[in-house]
There are 4 protein chains.
Amino acid sequence: MNTLGHLFKLTTFGESHGTAIGGVIDGCPSQMKLDFDFIEQELLRRKTAQSSISSQRKEPDRVEWLSGLLDGVTLGTPIAFMVRNEDCKPEDYEALKDVYRPSHADYTYEQKYGIRDWRGGGRASARTTLPIVVAGAIAKQILKAKGIQVCAEVTSMGDAEQARREGDTVGGVVECRIVGVPAGLGEPMFGKFSAELAHAVFSLPAVKGFEIGDGFALAKMKGSEANDTFINKVGKITTLTNHSGGIQGGITNGNDVVFRVAFKPIPSISQAQQTVNRAGEPCEIAIEGRHDVCALPRAVVLVEALAAMVTLDMKLLAQ
Amino acid sequence: MNTLGHLFKLTTFGESHGTAIGGVIDGCPSQMKLDFDFIEQELLRRKTAQSSISSQRKEPDRVEWLSGLLDGVTLGTPIAFMVRNEDCKPEDYEALKDVYRPSHADYTYEQKYGIRDWRGGGRASARTTLPIVVAGAIAKQILKAKGIQVCAEVTSMGDAEQARREGDTVGGVVECRIVGVPAGLGEPMFGKFSAELAHAVFSLPAVKGFEIGDGFALAKMKGSEANDTFINKVGKITTLTNHSGGIQGGITNGNDVVFRVAFKPIPSISQAQQTVNRAGEPCEIAIEGRHDVCALPRAVVLVEALAAMVTLDMKLLAQ
Amino acid sequence: MNTLGHLFKLTTFGESHGTAIGGVIDGCPSQMKLDFDFIEQELLRRKTAQSSISSQRKEPDRVEWLSGLLDGVTLGTPIAFMVRNEDCKPEDYEALKDVYRPSHADYTYEQKYGIRDWRGGGRASARTTLPIVVAGAIAKQILKAKGIQVCAEVTSMGDAEQARREGDTVGGVVECRIVGVPAGLGEPMFGKFSAELAHAVFSLPAVKGFEIGDGFALAKMKGSEANDTFINKVGKITTLTNHSGGIQGGITNGNDVVFRVAFKPIPSISQAQQTVNRAGEPCEIAIEGRHDVCALPRAVVLVEALAAMVTLDMKLLAQ
Amino acid sequence: MNTLGHLFKLTTFGESHGTAIGGVIDGCPSQMKLDFDFIEQELLRRKTAQSSISSQRKEPDRVEWLSGLLDGVTLGTPIAFMVRNEDCKPEDYEALKDVYRPSHADYTYEQKYGIRDWRGGGRASARTTLPIVVAGAIAKQILKAKGIQVCAEVTSMGDAEQARREGDTVGGVVECRIVGVPAGLGEPMFGKFSAELAHAVFSLPAVKGFEIGDGFALAKMKGSEANDTFINKVGKITTLTNHSGGIQGGITNGNDVVFRVAFKPIPSISQAQQTVNRAGEPCEIAIEGRHDVCALPRAVVLVEALAAMVTLDMKLLAQ
């Protein structure tokens, strides 16, 4: 359950303050010359996006490539990579060892595993999404060669600067658009393009909502308003409107695939909060340390990465 | 890709106007005495829910059990079942053979497969969800014995009676609650409880949005508002509020799992619509025949069924 | 675990004396015109192959097609089919209800499931292999169009007629050859062509050995004897000998894939045997009823079917 | 296809002369205190087993643990590990860059991927089995706590010292026994215990045959000779003989699981051999460098490791 994808598969590993974070990509087509600069840029988008509203943890995020490449060209065998966790300060978290932070995964991990890595959130840390950026950057390169591009942006977000002053955090919405995707991708029934996207996107921490096309707004429309009329545009069949977000019956129709993702505010706030400890005793915490005010800026490249991975996977399945 | 689940698996088959619709359940625990009356009732909920706002197709929906049972008790081997399509009138659809109905799957199926069963929507018909009700009814029985219950309802819907008069259709929202689910279910990273639910629910036709807990509303909250405070309630750790919808870090926290699903209006409207045919020529259609004004009443039992299947699957994975 | 294959997948269901035996093929390419006569012939090979040395159960084996077809052409959606169990005489087996037949699956099924269908072997009956013949026949048609053919034969077998007189049974070996298979099929590491074949073939009842190329004989050779010299044969690279059975490093080399399968004697003998019953008490049984003296004649078409399914699956994965 | 297992899963990566060889274990139970000394010993068995009849490559095989552990205790999250390839001499292989070594995977990899890592066999090198030893050592520890032990030995092998003098290599047979395995493990139909073992074992390089219990010898027996009589041994049902190798109907019967694996001779011989190069031109090669005379000594721990992994996986599935 640490693997995403059917033919283009990413298996990730790593805890926030363990030895390393990394992944294994299985099913990447062979003979692809990878653009490592682009991968670095994508990692930088994740890292620096946050600027003033983000945490200050210095992560070099230097990717070490372990396998699957010969002179920078893919061999078709598994591409393993990792980034060492160099700037770890587990002592920052010692105070939280026995306390359940509200709306974090501390309590649920302990219920599931009977043990948890309390250092920086462990496996539940947002840092564990780093391998997704790497795999996404590779997927994007392959898609680009096929004329498919993925682009996301923050379309709504709380007032981050005010929240920072108040020791609070904010959430927001990311919208993503996949352009150039051919008609006919996605599997009916349990492998719909929309279902695969929803599944992938809900793998990100803090995601609480997903909608495709006009999404929840469609629930308030009439059929006559919601339907997308087919037209013949210079010899090519397409739709006049795109309420469906490019997907009908779970399969792409050739129009842009458009979806939105709702992120809750990051639960690590520096305001004092009531909670309980492992013994079930009430206690108060104020989460110090390096934390983002908002996950959104970092999330953009993650949403794109997952969209690219799903699109490539569906493309490979359709061949 | 016609299979849902990891350990409790449902594979479905069938087209709307083919010989039969059915499924194979693999991984059902052995030695369960099935309550066939309950399964019938659930199928009836799907069938009659619609009453005056629904289509009039007479589907006996008599389930024929093919395997996996001995005197009504599960053997642990695959449970296959089917329902024959008896009331088929393919001639109703002959006129639509070469026309792409707006916001239906006609065009996308043809793009994917180069062929489609044009009789009543074929594999894309809502009728193909019938096996989900059967598998869900079995999952519910197993969960009930473990003290877990699933209950959904329509929480918002357009004005169906007005839409019927206008030859139009409406959408709406279904909310579902899973009660009694233990803490610790769900797999971190790519098998989150929320991700599995989203994936399952997006398998239903017409679904365009999914949110868990407060969902999209969380995107507008501050952390201090969105966080669920842990409390000790008579010796049991739980949360004071449930903005998270019972899931934190992808894993259940023991509180109710709550989610909402947005359905677009059914695209089959009797109003005249512009579209194109297979040759790309513009044409006008008015979809006659037996069609629902709104999918919502039927959808309730389907959402429950998928929620039950996912919960049971995650429960089996956690053992 | 009742599903075989990665892209061309067969899920089977059914017990020997339940309502029906059948399967669901998911992933069959669309727009294939199926040759139903050929499928019937293959089923007949399984049924009549045994002639005088086989059991006399009259199985019409009439396949009912449930889905996935339009006018005999594949839609790309799941192809479900079944054969009803019409000639059931469960009373023949009543005496064996509480007794564990030696080297049968009675005891192991009960240990696994706590329950078993005692009528004719239930899910462990050889009859449950029928869906494999159907799926194999479809795979063969698709492979044939690509110039690939699968052919098996019995290469060694005990003296069946003598065994029949003595109330005994015999085993034997089936050799199978896949001709025309292109170089480059099979996945390295855990999806080797040889591993996939071994896995598939061990799904048949009574299989106890599998070897590829010269198999166990290779264990006694020297490298200089076992190696297959590459040669250039009219512009095409091939090997002078075929000790490897067409597979090197788990991947096909373009030469014929050759493998052998060892079947133990059918455990149902009419001679008196000592055993124990469910209570652990010693008892004596003599298995009456309709049983084959040897599984081999029936097994030929089954081995071919599995080889065809694996080859097609690996072919689809390689695209 | 670089992943083995259903619930206890190993994904491997790495080429012989790439940066590192490693693996990711997903599904390892949490709260297990790992015995790292034992893992080292198992790696040493693989490394030094060969003694005088083996190659001289100095591999420190120092395992670096990357994730999934806290103070040596499993977290339930993916356990990633790697061993760097430090003693690489790719120049040893430069001469073989364009030549297809007989019965090696050079030609087949190129046919599959259009590219291959020619340095030391790349992904097809026996060195890539190292992660199997690590995962197997962990599986053994978990099984041991449940009273299950796995033990293999070489039961036949060619004359290695003579072969060495002649610049030749030899093959042989490894027999493995799983003791203490409970009755009821394995899934009927396509997940038989025997099929899972066969699939796993055929993942090792040079494996060409697999048999369970009396295997190919059973093909020559009569049913009356081959059947294993059930007996009641001090209140416990077991079998008097074990021709079946502990498996009936694909499910364990509580007796020892016994199987044998045939290994062909290593194809790297120093004798001169005829072959062709990439251009299809005939040429002669004599493979120099560090190579084993026989894979068998190294193979023992690998066969055990795979048997342990399969047994644990089937055990987890049965819960």
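See the structure shown above.
Note that this is a predicted model, so its numbers are computed, not measured. (Residues numbered from 1 in each chain as written. Chains lettered and ligands numbered in written order. Predicted model: local features only at pLDDT ≥ 70, side-chain atom pairs only at ≥ 80, totals over all residues. Heavy atoms only, no water.)

Draft legend 1. Structural detail: the pattern of salt bridges. Inspection of the entire model under this criterion finds 76 salt bridges over all chains. Linking C:R84 and B:E64 is a salt bridge whose minimum nitrogen-to-oxygen distance equals 2.8 Å. Of this pair, C:R84 sits in strand 7 (residues 79-84) while B:E64 is found in strand 4 (residues 64-65), placing the two residues in two different chains. In this structure B:E64 comes out as buried when scored by relative accessible area, which is 17%. Residues D:D256 and D:R177 are paired through a salt bridge, measuring 3.0 Å at the closest nitrogen-oxygen approach. (Salt bridge = Lys/Arg side-chain N within 4 Å of Asp/Glu carboxyl O. Helix = DSSP H or I, 4+ residues; strand = E, 2+ residues; numbered from the N terminus. Buried < 20%, exposed > 50% of the residue type's maximum accessible area, 1.4 Å probe, protein only.)

Draft legend 2. The sheet that holds strand 15 (residues 257-263) of chain A, seen in detail. With respect to topology, eight strands assemble into an open sheet ordered 8(A)-9(A)-15(A)-10(A)-10(B)-15(B)-9(B)-8(B), the strand pairing being antiparallel. The open sheet has two free edges, formed respectively by strand 8 (149-157) of chain A together with strand 8 (149-157) of chain B, since each of these has just one partner strand. Pairwise comparison of adjacent strand axes, ignoring direction, gives a mean angle of 20 degrees for this sheet. The pairing of strand 9 (residues 172-179) of chain B with strand 15 (residues 257-263) of chain B spans seven bridges and is antiparallel. (Pairing = 2+ DSSP bridges. Axes fitted to C-alpha atoms, helices over the stretch in contact; angles between N-to-C directions.)

Draft legend 3. Local environment of the environment of C:A137. Residues and elements named next belong to chain C. Inspection of the secondary structure puts A137 in helix 3 (residues 130-144). Look at A137 and you get buried, because its relative accessible area is 0%. Along the backbone, A137 and D71 are 66 residues apart, and their C-alpha atoms lie at a distance of 18 Å. With sequence-adjacent residues up to four places away left out, A137 is seen in contact with F38, I39 and E42. (Contact = heavy atoms within 4.5 Å.)

Draft legend 4. Examining the pairing of strand 7 (residues 79-84) of chain B more closely. Residue and element names in this part refer to chain B. The buried fraction of strand 7 amounts to five of the six residues, a majority that puts the element mostly inside the structure. As paired strands, strand 3 (residues 20-26) and strand 7 are joined by six bridges and run antiparallel to one another. Paired with A20 across the strands is R84, a residue of strand 7. In this sheet, strand 7 lies alongside strand 4 in antiparallel orientation, the contact comprising two bridges.

Draft legend 5. Fine view of the relation of the copies chain A and chain B. You can overlay chain A on chain B at an RMSD of 0.0 Å; the transform is a turn of 180 degrees with a shift of 0.0 Å along its axis. Considering both components of the superposition, the chain copies are consistent with a two-fold axis. The share of interface residues of chain A whose copies in chain B are also at the interface is 100%, consistent with both copies meeting through the same surface. (Least-squares fit on C-alpha atoms with pLDDT ≥ 70 in both.)

Draft legend 6. The interface of chain A and chain B, seen in detail. At the junction of the two partners, chain A supplies 92 residues and chain B supplies 92 residues. Summed over both sides, the interface of chain A with chain B buries roughly 7500 Å², with 64% coming from carbon and sulfur. For the interface between chain A and chain B, the tally reads four salt bridges. A salt bridge links B:E166 to A:K222, with the shortest nitrogen-to-oxygen separation between them at 3.0 Å. At the boundary of chain A and chain B, one finds 37 residue pairs in polar contact (both at pLDDT 80 or more). When residues in the side of chain A that touches chain B are grouped by element, the largest group, six residues, is from helix 2 (residues 106-113) of chain A. Taken together, the residues of the side of chain A that touches chain B sort by class into 41 nonpolar, 37 polar and 14 charged. Pairing of strand 10 (residues 207-212) of chain A with strand 10 (residues 207-212) of chain B, which is carried by three bridges, proceeds in the antiparallel orientation. Across the sheet, the residue bridging to A:E211 is B:G209, located in strand 10 of chain B. (Buried area = accessible area lost by both parts, 1.4 Å probe. Polar contact = N/O pair within 3.5 Å; in protein donor to acceptor, adjacent residues only side chain to side chain. Nonpolar A, V, L, I, M, F, W, Y, C, P; charged D, E, K, R; others polar.)

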